[in-house]
Amino acid sequence: MFSFSLDRTAASLRGCRRFLLHPSGWQHLTLAVALLVLAPLTVLLLSWTEPAWGIWQHLRETLLSQLLINTFILVVGVTTGTLLLGVSLAWLTGACEFPGRTHFSWLLLLPLAMPTYVLAFVFLGLFDYSGPIQIPLRAWFGRDLWIPDIRSASGVVLVMSLALYPYVYLLTRNAFSTQGKRALEAAQSLGCSPTAGFFRVVLPMARPWIAGGATLVLMEALADFGAVSIFNFDTFTTAIYKAWFGFFSLAAAGQLSTLLVSMVFLLIVLEQKLRKRMRFSQSRVTAQAERIILNSAKKWLATSYCSGVLLIAFFLPALQLLRWSLKVFDLEFDNRYGMLLGRSLSLGLTAALFITVVATLLAYAGRRHPDRLTLSLIRISTLGYALPGTVLAVGIFMPLAALDNFLIDFARENFNFALPQLMQGTIIIMLLAYLIRFMAAGYKSIDSAMHRVTSNIDEASRLMGLRGLKLLVKVHLPMLRGGIFTALTLVFVDVMKEMPITLMTRPFGWDTLAVKIYELTSEGEWERAALPALTLLLCGLLPIVLLMRGTEGK
Amino acid sequence: MIMNDKTQPSLELKKISQAYGKQRVVKDLSLTLNPGEIGCLLGASGCGKTTVLRTIAGFEPLLAGEIFISGEKVSSADFSLPPAKRKIGMVFQDYALFPHLSLFDNVAFGLRGHNKVETLRRVNDALDLVGLQSEREKFPHEISGGQQQRVALARALSPQPELLLMDEPFSNLDVALRERLSLEVRDILKHYGITALFVTHNQHEAFAVADRIGVMHTGEILQWDTAHRLYHQPVSAKIAEFVGEGVLLSGVVRENSQVECGLGRLTGIFNQALAVNTAVQILVRPEDVVHDDDSSVKAKVLRRNFRGANILYQLRLESGEHVQALVPSHCDHQPGELIGIQPDVRHLILFPFP
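Residues numbered from 1 in each chain as written. Chains lettered and ligands numbered in written order. Predicted model: local features only at pLDDT ≥ 70, side-chain atom pairs only at ≥ 80, totals over all residues.

Trainee: Outline the overall build of chain A, supporting the account with residue identities and numerical values.
Mentor: A count of helices and strands for chain A gives 23 helices and 2 strands. Computed over C-alpha atoms, the radius of gyration of chain A comes to 25 Å, within 12% of the 24 Å expected from 2.2 N^0.38 for 554 residues, which places it in the range of a compact globule. Once the C-alpha set of chain A is aligned to its principal axes, its extents read approximately 75 × 70 × 45 Å. (Helix = DSSP H or I, 4+ residues; strand = E, 2+ residues; numbered from the N terminus. Rg over C-alpha atoms; globule rule 2.2 N^0.38 Å.)

Trainee: Please set out the overall build of chain B residue by residue, giving values where relevant.
Mentor: Along its length, chain B carries 8 helices and 23 strands. Its C-alpha atoms give chain B principal-axis dimensions of about 75 × 45 × 40 Å. In chain B, which comprises 354 residues, the share counted as buried stands at 42%. (Buried ≥ 20, exposed ≤ 12 C-beta atoms within 10 Å, placed from the backbone.)

Trainee: Before we move on, could you go through the nonpolar core and cite the residues and values that matter?
Mentor: Formed by 254 residues in total, the largest nonpolar core has its most connected members in V159, I240, A433 and V491 of chain A together with L165 and I282 of chain B. Considering every element that reaches this core, the biggest residue donor is helix 8 (residues 153-189) of chain A, with 19 residues. With residues near it in sequence (within four places) discarded, L165 of chain B still touches L53, I56, A57, I88, M90 and L197 of chain B. (Core = buried A, V, L, I, M, F, W, Y, C linked by C-beta atoms within 7 Å. Contact = placed C-beta atoms within 7 Å.)

Trainee: I'd like to hear about the interface of chain B and chain A, residue by residue, with values.
Mentor: At the interface, 19 residues of chain B touch 18 residues of chain A. A breakdown of the residues in the side of chain B that touches chain A according to their chemical character gives 13 nonpolar, 4 polar and 2 charged. (Nonpolar A, V, L, I, M, F, W, Y, C, P; charged D, E, K, R; others polar.)

Trainee: How would you summarise the sheet that holds strand 1 (residues 11-20) of chain B if you had to cite specific residues and measurements?
Mentor: Residues and elements named next belong to chain B. A sheet is described by the order of its strands in space; here 5 strands give the open sequence 2-1-4-5-6, paired in antiparallel fashion. The outermost strands of the open sheet, each flanked by one partner alone, are strand 2 (23-33) and strand 6 (79-80). Sheet analysis places strand 1 next to strand 4 (residues 64-69), joined by 5 bridges and oriented antiparallel. Bridge pairing links L13 to I67 in strand 4. The strands touched by helix 1 (residues 49-57) are strand 1, strand 2, strand 4 and strand 5 (72-76); relative to strand 2, the strand with the most contacts, the crossing angle is about 65°. (Pairing = 2+ DSSP bridges. Axes fitted to C-alpha atoms, helices over the stretch in contact; angles between N-to-C directions.)

Trainee: So what's going on with the domain arrangement of chain B? Which residues, and what values?
Mentor: The figure often quoted for interface size is the accessible area lost as the parts come together. Residues and elements named next belong to chain B. Split into domains, chain B comes out as domain 1 (11-87 + 161-237) and domain 2 (245-352). With centres defined by C-alpha atoms, the gap from domain 1 to domain 2 works out at 34 Å. Domain 1 puts 5 residues into the contact, and the matching count from domain 2 is 6 residues. Residues belonging to the side of domain 1 that touches domain 2 are distributed by class as follows: 2 nonpolar, 3 polar and no charged. (Domains from an automatic or database assignment.)

Trainee: Account for the pairing of strand 16 (residues 279-284) of chain B, naming residues and giving values.
Mentor: All names here are of chain B. With 5 of 6 residues buried, strand 16 lies mostly within the body of the structure. Bridge count for strand 12 (residues 247-254) against strand 16 is 6 bridges, and the pairing is antiparallel. Note that in strand 16 the partner of L248 across the bridge is L283. One ladder, built from 3 bridges, connects strand 16 with strand 23 (residues 350-352); its direction is antiparallel. Pairing of I282 across the sheet is with L350, part of strand 23.

Trainee: Go over unusual backbone geometry, please, and point to the residues and values.
Mentor: Residue and element names in this part refer to chain B. Residues other than glycine seldom take positive phi values, yet S70 does so here, at roughly 45°. Of note, S70 is situated in the loop between strand 4 and strand 5. You will see that N256, though not glycine, has its phi angle at about 55°, which is positive.

Trainee: Quick rundown of the confidence of the model for chain B? Include the residues and the values.
Mentor: Here chain B shows a mean pLDDT of 90. Residues at 70 or above account for 98%. The ipTM value of the predicted complex is 0.77, and its pTM value is 0.77. (pLDDT = per-residue confidence, 0-100.)

Trainee: Which residues make up the packing of helix 2 (residues 25-46) of chain A against helix 16 (residues 372-381) of chain A, and what are the values?
Mentor: For any two helices packed against each other, one specifies the crossing angle of their axes together with the interaxial distance. Residues and elements named next belong to chain A. Helix 16 packs onto helix 2 with a crossing angle of 35° between their chain directions and a minimal axis gap of 8 Å. Both helix 2 and helix 16 take part in a crossing whose hand is left-handed. Here Q27, T30, L31, V33, A34, V37 and L38 of helix 2 lie close against helix 16, whose contacting residues are T374, L377, I378, I380 and S381. For the contact of helix 2 with helix 16, a count of residues per class yields 8 nonpolar, 4 polar and no charged. (Left-handed = near helix turned anticlockwise from the far one by under 90°.)

Trainee: Pulling in residues and values, what's your account of the sheet that holds strand 11 (residues 220-225) of chain B?
Mentor: Residue and element names in this part refer to chain B. With mixed pairing, 6 strands are arranged side by side in an open sheet as 7-8-9-3-10-11. Among the strands making up the open sheet, the edge pair consists of strand 7 (88-91) and strand 11. Between one strand axis and the next, the sheet turns by 20° as a mean value, whatever way the strands run. Examined bridge by bridge, strand 3 (residues 38-42) and strand 10 (residues 212-217) share 4 bridges and lie parallel to one another. Bridge assignment links L42 to a residue of strand 10, and that residue is V215. Across the sheet, helix 4 (residues 145-157) is in contact with strand 7 and strand 8 (163-167); its angle to strand 7 comes to roughly 170°.

Trainee: Help me get a handle on the environment of F139 of chain B, residues and values and all.
Mentor: Residue and element names in this part refer to chain B. Within the fold, F139 resides in the loop between helix 3 (116-129) and helix 4. For the pair F139 and L103, spaced 36 residues apart in the sequence, the C-alpha separation amounts to 5.8 Å. Other than its neighbours up to four places away in sequence, F139 contacts P99 and S102.

Trainee: Tell me what's going on with helix 6 (residues 116-126) of chain A, and back it up with residues and numbers.
Mentor: A large share of helix 6 of chain A lies buried, amounting to 9 of its 11 residues. Listing the buried residues of helix 6 of chain A in full gives T116, Y117, V118, L119, A120, F121, V122, F123 and G125 of chain A.

Trainee: An account of the environment of L62 of chain B is needed here, citing residue identities and associated values.
Mentor: Residue and element names in this part refer to chain B. With respect to the secondary-structure elements, L62 resides in the loop between helix 1 and strand 4. Between the alpha carbons of L62 and S17 there is a distance of 6.5 Å; along the sequence they are 45 residues apart. Look past the residues within four positions of L62 in its chain and what remains in contact with it is I16, Q18, T55, I67, S75, S76, A77 and S80.

Trainee: Which residues make up helix 1 of chain B, and what values do they have?
Mentor: Residues and elements named next belong to chain B. Taken across its 9 residues, helix 1 has 7 buried, putting it largely inside the fold. Of all the residues in helix 1, the buried ones are K49, T51, V52, L53, T55, I56 and A57. Within two residues after helix 1, G58 carries a phi angle of roughly 95°, on the positive side.

Trainee: Residues and numbers for the packing of helix 12 (residues 236-245) of chain A against helix 17 (residues 389-415) of chain A, please.
Mentor: Residue and element names in this part refer to chain A. At their nearest, the axes of helix 12 and helix 17 sit 8 Å apart, and the two run at 35° to each other. Residues T237, I240, Y241 and W244 of helix 12 form the contact with helix 17, whose own contacting residues are T390, V391 and V394. Residues of the contact of helix 12 with helix 17, tallied by class, amount to 5 nonpolar, 2 polar and no charged.

Trainee: Give a description of the pairing of strand 2 of chain B that names residues and reports values.
Mentor: The side chains of a regular strand alternate between both faces of the sheet. Residue and element names in this part refer to chain B. By the bridge criterion, 7 bridges tie strand 1 to strand 2 in an arrangement that is antiparallel. Residue pairing across strands places L13 opposite L31, the latter belonging to strand 2. Linking strand 1 back to strand 2 in an antiparallel pair, the connection comprises 2 residues, with G21 at a positive phi of about 65°.

Trainee: With reference to specific residues and values, describe the environment of L29 of chain B.
Mentor: Residue and element names in this part refer to chain B. In this fold, L29 is placed in strand 2. By C-beta crowding, L29 is classed as buried, having 24 other C-beta atoms within 10 Å. In sequence terms L29 and L222 are 193 residues apart; their C-alpha atoms lie 9.8 Å from each other. With sequence-adjacent residues up to four places away left out, L29 is seen in contact with L13, I16, V52, E220 and I221.

Structural data, given as structure tokens:
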């Protein structure tokens, strides 16, 4: 055992040395992508070399304390909300049996298809003074009825909890359904009642998964830009946007970004730790544990609870979107909608192809050079998922704008030549930002497929005379096809739904569906935003279908 | 560990039946375990043995019959004592150790309602018992499979159950470890006089650990007996085929306690009274066939399996039937050779053709 691990360490060290002395093309690539991810972070840190004291002064007097309070409310509220919803629903569908359980277990993932900002504006529209909820309430209970204002901190927390609980739900359900009943039986054989067993064993055992889901939720909540701006609920993301587009201070935006990033960084460290623990706690039984059958009253309570959540988080909002869309269809379904859709689709597809190609190359690099250095560079390359879109937009825009300006000055001074802006306002910036942000989604799908293409498969193929391109086409590609398809779909949908990066780095006047939703909702035009939102919702269903197939296959 | 009331059996199953949907998986099964006895349910997968164990633990409802633990009724068709109240300990096939607790906390899990000193003493006793005292602060994923198995045993024993149940307790271990641990577990159980019932599909395990073994087939116990009697006095052809190695030759009963078959005329004590000229099956074990070059009975070597001290030959008799012979390995023959063999049986195990 010891000599074996020593051998491995030595081999790994040799691999690292080879990397440093004679890097291969694969390793150059991993280094380049890792540097691309690190660049925005470095630039953001460097932004502190010129502190924008004026703006900070202003911020401290007006906004900063509110920002911190709001962020705190968001973090605590959304964590509590998603945990309550996610864990209870996961326990019911993962470990119990009640009418409709098999359908609920995938239906409850549907809110994933609804971007947070869409759910946010639908809720605002629904609870509006003239909306479909207040009017009948007032009609029944009179004009003086007090109705809590949805445009409040609790409103934001409610909307985000409903939109984000599936992350906790999905991870926790897997934990419960593989180990729930067996652990409960062991506890019972040791003298625990089923209820005591749940709290003493099942819940603590699922803790890494629950916490893993919660960190994902927190990253999303901290990174959220669309929903909080629709609710006028100022957080760091909206402050970054305002600093840039309101005060025109890229430096202040960068400095605010570093604060947000350091919070997210803590979450990443936490998440990586939890991942390790999930590996340790993995149950060896892969078979589904038997379910707890709920008796008469409880089972209908479970059914109504699940339907209730589903109705509020998905079906009612979706129905409302449909109603609004139909109402404005004749006005809105025109050439402009076609252009928006075309832009979103082409942007999504271009980004999906670009990212999938790079992700596939990275996966091959990791396969060819499994030394510690290459693998850590790949890890770094996939960390961008944690960077909030607003932060990333600032971080990628700052160096490229500087480079552009340098080139323009250089050309003018030396060659008396008026060089146009090369990168600012082109979609190259957007694509690079997407690459950083969505690399993880693409890489993970392809890498998990790549793990099945073992070196033994290569050797078996070589013995049968397949090598080079033939090996790639006849063996590798068919085996990777599923992973590549998943990567394309996930990235495509993510890019379609993405709002802040597109909003902040797009060429002037270049609108997509998501950007249009931002513009319309900031003017309170819920009905006109419905058609683009419904389009995004339909796209968002694609990855859920993939997810369902994946879990059913197991 | 616990002094059982000697007058009561520790476990008594009275004609229990179990079904999943319409399919009966256990049929009218009865057995009794006395205090300190180790019982075993032996059978292929799907024979219902695990269902019986889970029913005793209280995880499955009973369709008919009754279950008593130390004289107290715990299960019947309309009653089921919750598992937590049955005073049983259970070792699961996958051990089901709690991954979020240290070994110490795993073993201490079932010891609620004791003061700290008492808990500490009992956990230490249990860990000493399985020789894992020095690893007590570790977590389940940090120890080997064999150690996990022992922790599972310590955890089940620490609350001093009236009855220990074990579901395929050794099946996740490699062969060498399985053999060593099964003997160790028997020593521990015997030393403390613990009553236990376990299920396995592995005969060697059953023989090594159990005092009494029930061979199960399609939800029924075909024979509930000691290992010795199962091997030497099987009650049916099915048991004879299932337990140990051997073949059933067809033959006919003759006068004077003789049977005629492909090995010639065999004389010996019958296992049951049979009329002359009855067509029977005769159990012939590999050790019943002796190699003898001078013998008139010749057989052709089909296959040889070298086992170190012995060679197990697969032979074809002139009658066309196959037998096995266990021969000292210095008598080395190759497939295709004709060798002389001699039957060496004193007790004849005969079953009339159905």
